[in-house]
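# Topology and contacts: notes
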Amino acid sequence: MLRSTPSSNICWQCRWRLANQKRRFPQRTSRKDGIVPGVVSSLPRRALHATRSVCVSQTETASSIAPAFDPALLNPSRQKLTTRQHLQMWNEKFGGPDEETLSAFENHPAHSGIQNNVAKLNFASKADENLEHGTEQTRDEEDEGEELVTIGLFLKPGDVVELSRAGREPVLAVFVQQLGLISQFYSVNGRWTHSNLNRISFAVPGAIDPALLQPLVPYLPTKLDGLESKNSAQVPRDLGAPVRDMLHKLTEDSERIYRTNAPILDTAYSTLADTTRTRMMTLSQIAKTLLAKSDPTWLPSPPALLAVRKALTHNEYRFRADARSQRLTNVFAIRPKNDVELVETVQEWVREYREYEAALANSGSDTQRRPSVGARYVLDFVDKARRLIAQSRNRRQPRPGFTGPDQSQGASTQPSQGIRDTVWGEDFSKTDQQIINFLQAWVLNDQFANIDHLHSACASILHATGCYHDMSWSQEGDILNPAGKSSGYLLLQEVGVITPFENRALYNENLMLPTVRLSRNLELLSTKAELTRKSPDFRDAMADLRRDWGLLTVFCIDAADAKEIDDGVSIERVPSKPSEYWIHVHVANPTAFFDKTHVLSGLAAHMTETVYTPERSFAMIPSWASQNYFSLDNNRPVITFSTRIDDAGNMLESKIQHGVIRKVVSITPTELAKYLDDEFGGRQGKQLVVGGELPTEKTVRPLPRLTAEQLQNLRDMYAAAQSLWKGRKAAGAVRFGYTTVGSVSVYEKPHMAGLNWKPPSLERARRMVGDPIIEVRGGSSRSSGDTGFMAENIDSSNIVEEMMLLACRTAGSWCAERNIPVMFRGTVESPISPLSLVQFREKILLPALERPGGVSRTVQQQYLAALGRAIAHSSPLPHNIIGAKAYLKATSPLRRFSDMITHWQIEAALRYEARTGQKLNAKIIDESPRPILPFSQRQMQESIITLSPREQMIRATTVASDAFWSAQAFMRAFHYQEAPLPEAFEVEIHLATNDGRSRCTLEGFDTRGFILDFPGMEYRTGDRWEAKIHHVDAYHSRIWFEPVRLIHREESV
């Protein structure tokens, strides 16, 4: 190097670095081209290209070095840049949003040429980052039925919410507006963010004046596809300052309360938890218990609630909340201390085991080291698990996340006959049982969701067995982690804790079924209910108002094996008016015999609904009460919804009355179709049976004998049902898809429907010999005259449906006339539909009906969106999908608690009107010195908020259970050849996606699946493809198809 001057001893590259290091100080210089140089990131410390003496002199000569020199400027092409090009480069780095960014901000002032000071921020990852990346504004395959939510679910501008992400502290944000199915917020950090409403777990209603939000709206995006908050334009800081200040104030107040009460809040669990039973408490109740300081008048403020929530969410395992309903109910389940102690104990054993393994690995050949007590417990369990897993694999092949069927059946000379026997194996020690309970909490109950250290402990146990890491866990379309819950589920099956066909959907803690640990309330209610069995002391509150229906035939149309009969139908012709009928829907009447305070009412409220799955049911009301006292039969009490209709389906007159039915005739839907000579109503879809023969009585049953008058009654009911459908269709009602849905049935043995309850075996290993018999039957195909996916006609299979809808419309109108608060069901306009319902019918639906082929799948889905989202509310509202001005559910009081509430309200109104002789109305209800109705408007709304999420959860459990058993049947048929399957199937794409998981429906079975993507392959909603089964993922209950050829594609609309 040259030594003529101090600076000449430093190479050009190092001089440039030194210059940039200096630019980290406040003194900043401009380049000769006038552009202020940007700050570059600090470089790693390293030796410069100079001797030590030169390095010492660097500080002395730093001022003589050209600070802005950049070797890149020596590039000739860079020197040719014009001033305009330099400015463009500067703007890209430091300027506001470009045209591409602004395209997502349709209301931005920049579109009109207005000068603005847009903040373009780049944050590190925080809890208010966009929570919905690439969210499709379409319903998922499990969200196509009625979505029961309340009007209270919708946020209003000015509501402050808590945004949470796993592993980060929550932040506060204010709700600004709704964009389709996505909610838009402005956070305390000064940026917009998006989230689905169901991910919001806490809200403070009306915390900020909506007028303060209006100036922000033009700076918020309106197009969300691919848009990320941290790399996009933001609201100007000065405009958002008033809102941020209020959010900061709320945050600071809650932090101050937390700091002041930290000793109490940090020990909340020890104060609130019970030793052996789960406690249920609302957030307000918890806050009062912890912070009220014996002041009965103290009420928690929003900052106090936020402070308490922080304490609870920091103890996520100890305080459990159902995310789907947390914002509305604010209910927390407080785990028993015994559960927490077990988890902490086993986690400590696993830690000791890890340390022991690490010490062995470091000590090489040192074999003298002994494991600690906890490590020994884990090692003993792992050794036992290996033996049991080896035994299991002699009979059942392990599959990703599931075991296959019993292969010993193949060597048998006799055909499979379901589950044949139970064989017991090794005993589990007390410490084994603790480890098993630990794994169950992870796998079955999903108690460790988002708790990484507990998940890691479970994965360590799996890894220690050495039985899962070398298996092929990756398949096209599915990737199962060998250290994930799917492997834990397989381990519990292989060691003989749970059955090889265990449906984990029933272990959802929030369902609070007997399959999981009982809550304190459920245990007390079940005990009290059983005590009332010997002497129930039922007294008829409607005895003086009952009508004797005498010899009028009441038809109960239900499956032959139905145990609880909720409803029946009778019909009478109106004298001198041959085109008119009186239709009577007779419904079971338990509510007349006990009020809302009865123990059976408490049990029903806890259950919400009877939970039906193919393998078993969990009754809302104990069977001894429903079947012995209230299920419809001769001489049983009923509440009857009577309606006079004409041949156009118009409701001319209606009344509700209590009575006793004397003459009941039970027939099945198939028998009804035969009586009416209806070829469509008697049709059934395809059938798949694995595991043995079906019960004989399921396939053969002699037709009941009916009189000529009874046959005429059935014909009149069919004619009335067709008239009712005509009237509803004229009112805008729609009917899509199959006339009857598919079904899944499970049998333990050929003559034993369902499965006996086999709880997890904790004391010793259990082996099941044989497997259940599974029948999957598809729904019947569309009726004659249907136009594509729009059903124009009905058949005999729809008679009961039309009659029940009529009763529910009658009950809805009756309650609406009197302003009685009940759980009304209706629809509200969907924000994702670009057209109003009237516009959609005129511009899209009617033209589609006239085209060959009728309504396509795409138009069907668009029409459903235009019809609106179904909600529940305490006041009446129209139901566009059903075609009713007022509608509620009232025909299943033995199976649905909301129907019981409706009956209690109606019965109280009927008693009042009979006693006073005047019709009940809102004024009378409001001015009465004593409550006339069991439930006030406020109580009804609170009940709806509690019941609606549970109804959704129960429905999801039913759907998941059907999918689970369908997947089991197809897995056994496809992978183990237990039943013949065609080489290829026809599938219809009902939801095309870009994520490689397009959803499809298997024609003839009404079974859902997924279709694999291949390069160059394109799917569209409504496509019909010929496809082969690729594999069956039994753990996720998914059937994966491989496309063969396109059969039909809908025309674009």
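Up top is the structure these notes are about.
The paragraphs below set out a description of the structure included in this document. (Residues numbered from 1 in each chain as written. Predicted model: local features only at pLDDT ≥ 70, side-chain atom pairs only at ≥ 80, totals over all residues. Heavy atoms only, no water.)

### Side note on the side chain of Glu802
Selection criterion: Segments assigned H or I by DSSP are reported as helices when at least four residues long, segments assigned E as strands when at least two residues long, and all are numbered from the N terminus. Residue exposure (1.4 Å probe, protein chains only): buried if accessible area is under 20% of the type maximum, exposed if over 50%, otherwise partly exposed. Only heavy atoms enter the contact rule, under which two residues are in contact if any of them lie within 4.5 Å.
Relative to the assigned elements, Glu802 resides in helix H24 (residues 799-817). Using a relative accessible area of 1% as the deciding quantity, one classes Glu802 as buried. Contact partners of Glu802, with chain neighbours within four places excluded, come to Ala721, Leu724, Trp725, Arg728, Arg735 and Ile794.

### Examining the sheet that holds strand E9 (residues 279-282)
This is how the line gets drawn: For two strands to be treated as a pair, DSSP must find no fewer than two bridges joining them.
Read from one edge to the other, the open sheet built from three strands follows the order E9-E11-E10, with strand pairing classed as antiparallel. Bordering the open sheet on either side are E9 and strand E10 (319-320), each of which pairs with just one other strand. Note: E9 against strand E11 (residues 331-334), four bridges, orientation antiparallel. Bridge pairing links Met280 to Ala333 in E11.

### As for the nonpolar core
Filter applied, for reference: Buried residues of nine kinds, namely Ala, Val, Leu, Ile, Met, Phe, Trp, Tyr and Cys, make up a nonpolar core once their side-chain atoms join them within 4.5 Å.
If you look at the biggest cluster of nonpolar residues, it comprises 134 residues, and the most contacted ones within it are Phe438, Leu439, Phe448, Leu688 and Phe1041. In this structure Phe1041 touches Phe985, Val987, Cys1000, Leu1002, Gly1009, Phe1010, Ile1011, Leu1012, Ala1027, Lys1028, Ile1029 and His1030, once residues within four positions along its chain are discounted. Residues Ala592, Leu894, Ile901 and Ile954 belong to the second largest nonpolar core, which totals 97 residues.

### Concerning the pairing of strand E36 (residues 1024-1033)
Bridge count between strand E33 (residues 985-991) and E36: four bridges; the pairing is antiparallel. When the sheet's bridge partners are listed, Glu988 is paired in E36 with Arg1024. Of the strand pairs in this sheet, E36 and strand E37 (residues 1038-1048) are connected by nine bridges, and their pairing is antiparallel. Bridge assignment links Glu1026 to a residue of E37, and that residue is Arg1045.

### Things to note about the packing of helix H25 (residues 837-850) against helix H26 (residues 857-867)
Note the following rule: Lines fitted to C-alpha atoms define the axes here, with helix axes fitted over just the stretch in contact, and angles between the N-to-C directions of these axes take values from 0 to 180 degrees. An angle counts as roughly parallel when it lies under 35 degrees, as roughly antiparallel when it exceeds 145, as roughly perpendicular when it falls between 65 and 115, and as oblique in every other case. Note on convention: the crossing is left-handed when the near helix lies turned anticlockwise from the far helix by less than a right angle, right-handed when the turn is clockwise.
Axis separation between H25 and H26 bottoms out at 10 Å; the angle between their running directions is 160 degrees. Between H25 and H26, the angle falls in the class roughly antiparallel. Crossing of H25 over H26 shows left-handed handedness. Contacts from Leu837, Phe840, Arg841, Ile844, Leu845 and Ala848 in H25 reach Val859, Gln862, Tyr863, Ala866 and Leu867 in H26.

### Some points on the sheet that holds strand E34 (residues 998-1002)
Backbone-to-backbone hydrogen bonds join strands into a sheet, with any given pair of strands oriented parallel or antiparallel. Taken together, five strands build a closed barrel; the order of strands is E33-E34-E35-E37-E36 and the barrel is mixed. Across the sheet, the mean angle separating the axes of adjacent strands is 55 degrees when strand polarity is ignored. As judged from the four bridges shared by E33 and E34, these two strands associate in the antiparallel manner. Among the inter-strand pairings, Leu991 is bridged to a residue of E34, identified as Arg999. Along the sheet, helix H29 (residues 937-976) contacts E34, strand E35 (1007-1011), E36 and E37; its crossing angle with E36, the most-contacted strand, is approximately 90 degrees.

### A short note on the environment of Val188
Of note, Val188 is situated in the loop between strand E5 (182-187) and strand E6 (192-196). Taking the relative accessible area as the measure of exposure, Val188 reaches 9% and is therefore buried. Along the chain, Val188 and Met246 lie 58 residues apart, while their C-alpha atoms are 8.5 Å from each other. Residues contacting Val188, with those up to four places away along its chain left out, are Val171, Leu172, Arg244, Leu247, His248 and Thr251.

### Looking at helix H17 (residues 485-494)
Extensive coverage of H17 is indicated by the burial of nine of its 10 residues. Residues of H17 that are buried: Ser486, Ser487, Gly488, Tyr489, Leu490, Leu491, Leu492, Gln493 and Glu494. Directly beyond the C-terminal end of H17, a positive phi value near 85 degrees is found at Gly496.

### Notes on the environment of Leu688
By secondary structure assignment, the location of Leu688 is in strand E26 (residues 687-690). As for Leu688 and Val744, which are separated by 56 residues in sequence, their C-alpha atoms are 9.6 Å apart. Ignoring sequence-local partners within four residues, the contact set of Leu688 consists of Ile774, Glu775, Val776, Ala969, Phe970, Ala973, Ala979, Leu981 and Phe1005.

### Some points on the pattern of salt bridges
Worth spelling out the cut-off: Here, a salt bridge means any side-chain nitrogen of Lys or Arg that lies within 4 Å of a carboxyl oxygen of Asp or Glu.
Going through the model one piece at a time under the given rule, you end up with 43 salt bridges. Here Glu344 and Arg318 are joined by a salt bridge, their closest N and O atoms 2.3 Å apart. One end of the pair, Glu344, is in helix H13 (residues 337-363); the other, Arg318, is in the loop between helix H11 (302-313) and E10, with 26 residues separating them in the sequence. Judged by relative accessible area, which is 41%, Glu344 ranks as partly exposed.

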